[in-house]
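# Fold and contact review
Residue strings, one per chain:
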Amino acid sequence: MDNGPFFAQFIEDYYAECDDHLTSIRRALLELETRHSAGDAATPAAVNVIRRGLHTLKGLSAMVGLQTPERIAHVLEDVLRSAGASPTLLDPQVIELMFDGTRVLEQSVMASRRGADDPSSDDLFERAAALTAAPRSEPDLSESVAVSVADAEVVWIEESAEAVAPEELYQFEFTPSASANARGVTVESIRRRLAEIGEIRVAVPRVQPGGRVVFDFTVALHAGQLPEEAWRADGLRWEGAPRSVHPARQADLPADAERGGSAPASASLVRVDLARLEDLMRGVGELVVSRSRLSDALRRAGAAHDDDAWEELQETSSMLERQLRALRDNVMRIRLVRVGELFERLRFAVRDLARESGREITFDLDGQDTEVDKAIVDRMLEPLMHLVRNAVAHGIEDPEVRRASGKPASGRLSLRASTSGDRISVLVEDDGRGIDEAEVRQRARATAATLGGGESDGTLLDILCQSGFSTRSEADRSSGRGMGMAIVRSTIRELGGALTLHTEPGRGTRFVVELPLTLMIVDALIVDVADQQMAVPQPVLREIVQVEASSISTFENNAVVSFRSSVLPLISLRDVFNLPHAEPPTRYVLVVGSDDELAGLVVDRIVGLREIVVHPITDPLLAVPGVGGATELGNGRVILILDAPALVRTGRVGRRRAGAGAPVRQLSAVS
């Protein structure tokens, strides 16, 4: 097969298709297991989802030349078929094998994507062979009929014992060409033509030797409708006589058939390459800069124009701003995806962890329809997976221990998502044993002594997130290596988010992950410090307070100010960035941080609120704690974007160490 540019694009489509089908298969398997545990019969719809998902994955893997995923999907399909046509007869052994096989199938696809070696599947094949060879006691109530398109098996249809009248189908083959494309004849236009004369039942691409692609359609023609002979000039071919097969219900067709117009739910969904969205977003960012430049030019030219011309320019600028914001919002909505897809993967992982640990777990999900930027969702999987594993491994007790403490034998693990303004909050909570802070600190001191360090300092969350720290002596599949929480917090910080912890011994633990909804364009407050302008993203701001120099006090070598019946620790950006110290008598304090960790960033002047395009600093030699990126203003000036949570953490570390006699300025400086 020619691995040219088309194949590179096609293989990415293959991986995306695999993700969709594997998600559907996992969801259906969980439904089967839940119903079996409750003593209920499996639904035919769930079994059909698994069957057509495996069959489609098998065909797609064969098309791209990946033999291992093709073989695994084929074996699992055989196991499901040999288990009996009636889905109510599936036993736990079959369900368990399907779970394990789906996991190995996903690992094989991911190995291909990463260029790694295929996972071992010998044990899976041996178990599958034992199940398919086992004699069955229940009767076979139906037979399978294969529908072939272009000499390739496309879908298995489970037919009931009741006789069904046959239906006439036409098989079409479309071969794209440059000349046809120049006339506007594409796959989509052909699809629309066929949909007008009949119902598209199957639509699949097929790669021919040499890398050329043709598209096969199986269409049930409407009464009195026939294809036009002129269509042959556009690269469309069809059989001279119709073929007769038993009709397929839409529920029994593979996912590819749904694209033929029979499924309204998927007709409005379009898979867009994320790289193209990135290009579109960069274009929007350039418009933001242009609009900002126009605003600056208007201010400079205000005195040189008459009132009528000035009002017209102002109106044009306002209209441009409204249109640009609408465009930005529309682009952002394209990038948003439901976190429910991520939650489903975690539900599958919780099921495996519960079986391995022997614990009973009820997994509650809420807020699956919450939408967040695709780039953030992709990065959220690993930290949330660590938090869920920790809840199972460290939090939820064994059933006997829970009963002895007066709790239900089944532990409860909750995963909830919600949005507030430009932020998303994801809560991971369990009703397990909680975290004993005294025990954690004792273990931290022992670990520090072993490594030759001093006594561990910081909050409970700081200790848990130390690289190499673990509350377990031995590592297992779910925990014990001491790297999980460190990865969790570092990833969340890289995304501009925050992690908080609340725990109560004997009652449970709650982690809250707060992240921005998007990372590209945000509203930011432009501030001035010693004639240096900086940007502070608006979502992290809680309040702005104007203070006089005389109201700032010093407490244990730290500057504080009275704030809402309490004291607010101050972080001087002059100190942080080592700027000149000719401070004005009146300053502004930007209140940032969480409820239990508030701090104030001291600036000289508030310039105004602007839309900014975030350009992250990815070079590790240039990355500085407290700086989240850079942006360009309308006058062409490049300024830094401050990472307020990182500045709060830096100031907190400085205050702790300052208590031991170290100068605050040296400790809080960023270099």
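Just so you know, these numbers come straight off a predicted model, no measurement behind them.

Moving on to the overall build of the protein chain. Looking only at helices and strands, the protein chain features 19 helices and 25 strands. A total accessible area of about 33700 Å² is found for the protein chain, and carbon and sulfur atoms account for 50% of it.

Taken residue by residue, the protein chain gives an average pLDDT of 75. The fraction at 70 or more is 76%. In the model, residues 656-671 has pLDDT below 50 throughout and makes 23 contacts with residues more than four positions away in sequence or in other chains.

This next bit is on the sheet that holds strand S24 (residues 627-632). The mixed open sheet is built from five strands, whose spatial order is S23-S15-S16-S25-S24. The outermost strands of the open sheet, each flanked by one partner alone, are strand S23 (605-613) and S24. The average angle at which neighbouring strand axes cross in this sheet is 35°, direction not considered.

Phi at Ala530 is positive, roughly 55°, even though this residue is not glycine. In this fold, Ala530 is placed in the loop between strand S15 (521-529) and strand S16 (532-537). Judged by its relative accessible area of 17%, Ala530 is buried. Of note, the phi angle at Ser565 is positive, near 60°, even though the residue is not glycine. As for its placement among the helices and strands, Ser565 is situated in the loop between strand S19 (558-563) and strand S20 (566-572). For Ser565, a relative accessible area of 85% gives the class exposed.

In this description, an aromatic ring pair is defined by two values, namely the gap between the centres and the angle between the planes. The full count for this structure, using the stated rule, is four aromatic pairs. Summarising the aromatic geometry, the rings of Tyr14 and Tyr15 are spaced 5.4 Å apart at their centres and angled 55° between planes, so their arrangement reads as tilted. The exposure classification of Tyr14 matches that of Tyr15, with both residues buried. Between Tyr170 and Phe172, the ring centres sit 6.1 Å apart and the planes meet at 35°, which makes this aromatic pair tilted. With relative accessibility at 0%, the residue Phe172 sits in the buried group. An aromatic cluster is present here, built from Tyr170, Phe172 and Trp238 joined pairwise through their rings. Positioned above the aromatic ring of Phe348 is the side chain of Arg26, whose terminal nitrogen or guanidinium carbon lies 5.5 Å from the ring centre. In this structure, Arg351 is placed above the aromatic ring of Phe99, and the distance from its NZ or CZ to the ring centre is 3.5 Å.

In a pair of packed helices, the angle between the axes and the distance between the axes together describe the arrangement. Two elements in contact, helix H4 (residues 92-114) and helix H11 (residues 340-357), have axes separated by 13 Å at closest approach and are oriented at 125°. The angle between H4 and H11 places the two elements in the oblique class. You can see that H4 and H11 cross each other, and the crossing is left-handed. Taking contact as the criterion, the partners of Glu96, Phe99, Arg103 and Glu106 in H4 are, on H11, Arg345, Phe348, Arg351, Asp352 and Arg355. Looking at side-chain class alone, the contact of H4 with H11 contains two nonpolar, no polar and seven charged residues.

Let us look at the nonpolar core. In this structure, Leu384, Leu413, Val426 and Leu499 are the most contacted members of the largest nonpolar core, which totals 39 residues. A per-element tally of this core places helix H12 (residues 374-395) first, with ten residues. When neighbours within four sequence positions are excluded, Val426 is seen to be in contact with Phe343, Met380, Leu384, Leu415, Arg416, Ala417, Phe511, Val512 and Val513. Of all hydrophobic cores here, the second largest spans 37 residues; its members include Ile11, Ile50, Leu66 and Ile95.

Glancing now at H12. Since there are 3.6 residues in each turn of an α-helix, residues three or four apart along the chain are aligned in direction. Taking 1.5 Å per residue as the helical rise, H12 with its 22 residues ought to reach 32 Å, and the 30 Å between its terminal C-alpha atoms agrees with that figure. Most pronounced at Met380, the bend in H12 amounts to some 35°, and the proline Pro383 follows within four residues. Between the side-chain oxygen at the start of H12 and the backbone nitrogen of Ala375 there is a gap of 2.9 Å, and the oxygen is on Asp373.

Turning our eyes to something else, we now look at the side chain of Thr503. Following the sequence through the fold, Thr503 ends up in strand S13 (residues 498-504). At 3.1 Å, the side chain of Thr503 forms a polar contact with the side chain of Thr509. Setting aside anything within four residues of it in sequence, one finds Thr503 in contact with Gly434, Ile435, Leu460, Gly508 and Thr509.

Moving on: a nonpolar patch on the surface. Side chains of Ile617, Leu622 and Leu640 sit close together on the surface and give an oily, nonpolar patch of about 240 Å² of accessible area. Its place among the elements puts Leu640 in strand S25 (residues 638-642).

Once that is clear, we can look at the sheet that holds strand S9 (residues 361-366). Two pairing modes exist for strands in a sheet, parallel and antiparallel, and in both the strands are linked by backbone hydrogen bonds. With mixed pairing, the five strands of this open sheet are ordered in space as S9-S11-S12-S14-S13. Each edge of the open sheet is held by one strand with a lone partner, namely S9 and S13. Mean inter-strand twist for the sheet, computed between neighbouring axes without regard to direction, equals 10°. Relative to strand S12 (residues 423-430), strand S11 (residues 411-420) runs antiparallel, the two sharing eight bridges. Looking at the pairing, Ser414 lines up with Glu429 of S12. Relative to S9, H11 is tilted by about 175°, and along the sheet it contacts S9, S11 and S12. Against the sheet, H12 touches S9, S11, S12 and strand S14 (508-516), its axis set at about 20° to S12.

We now examine the pairing of strand S21 (residues 586-594). For strand S17 (residues 541-548) and S21, the ladder comprises seven bridges, and the chain directions are antiparallel. Bridge pairing in S21 places Gln546 opposite Tyr588. Across seven bridges, the pairing between S21 and strand S22 (residues 597-603) is antiparallel. Note that in S22 the partner of Tyr588 across the bridge is Val603.

By the element assignment, Gly395 lies in helix H12. According to the relative accessible area criterion, Gly395 is buried, its value standing at 6%. Each residue touching Gly395, except ones within four places of it in the same chain, is listed here: Asn390, Asp430, Gly432 and Arg433.

Scoring rules and cut-offs
Residues numbered from 1 in each chain as written. Predicted model: local features only at pLDDT ≥ 70, side-chain atom pairs only at ≥ 80, totals over all residues. Heavy atoms only, no water. Helix = DSSP H or I, 4+ residues; strand = E, 2+ residues; numbered from the N terminus. Areas by Shrake-Rupley, 256 points an atom, 1.4 Å probe, with all protein chains shown as cover. pLDDT = per-residue confidence, 0-100. Contact = heavy atoms within 4.5 Å. Pairing = 2+ DSSP bridges. Axes fitted to C-alpha atoms, helices over the stretch in contact; angles between N-to-C directions. Buried < 20%, exposed > 50% of the residue type's maximum accessible area, 1.4 Å probe, protein only. Phe/Tyr/Trp six-rings, centres within 6.5 Å; stacked < 30°, edge-to-face > 60°. Lys NZ or Arg CZ within 6 Å of the ring centre and 35° of its normal. Parallel < 35°, antiparallel > 145°, perpendicular 65-115°, else oblique. Left-handed = near helix turned anticlockwise from the far one by under 90°. Nonpolar A, V, L, I, M, F, W, Y, C, P; charged D, E, K, R; others polar. Core = buried A, V, L, I, M, F, W, Y, C linked by side-chain atoms within 4.5 Å. Expected span 1.5 Å × (residues − 1). Bend = angle between axes of the 7 residues up to and from the residue. Polar contact = N/O pair within 3.5 Å; in protein donor to acceptor, adjacent residues only side chain to side chain. Patch = residues over 30% accessible without salt bridge, like charges linked within 9 Å, V, L, I, M, F, W, Y side chains within 5 Å. Salt bridge = Lys/Arg side-chain N within 4 Å of Asp/Glu carboxyl O.

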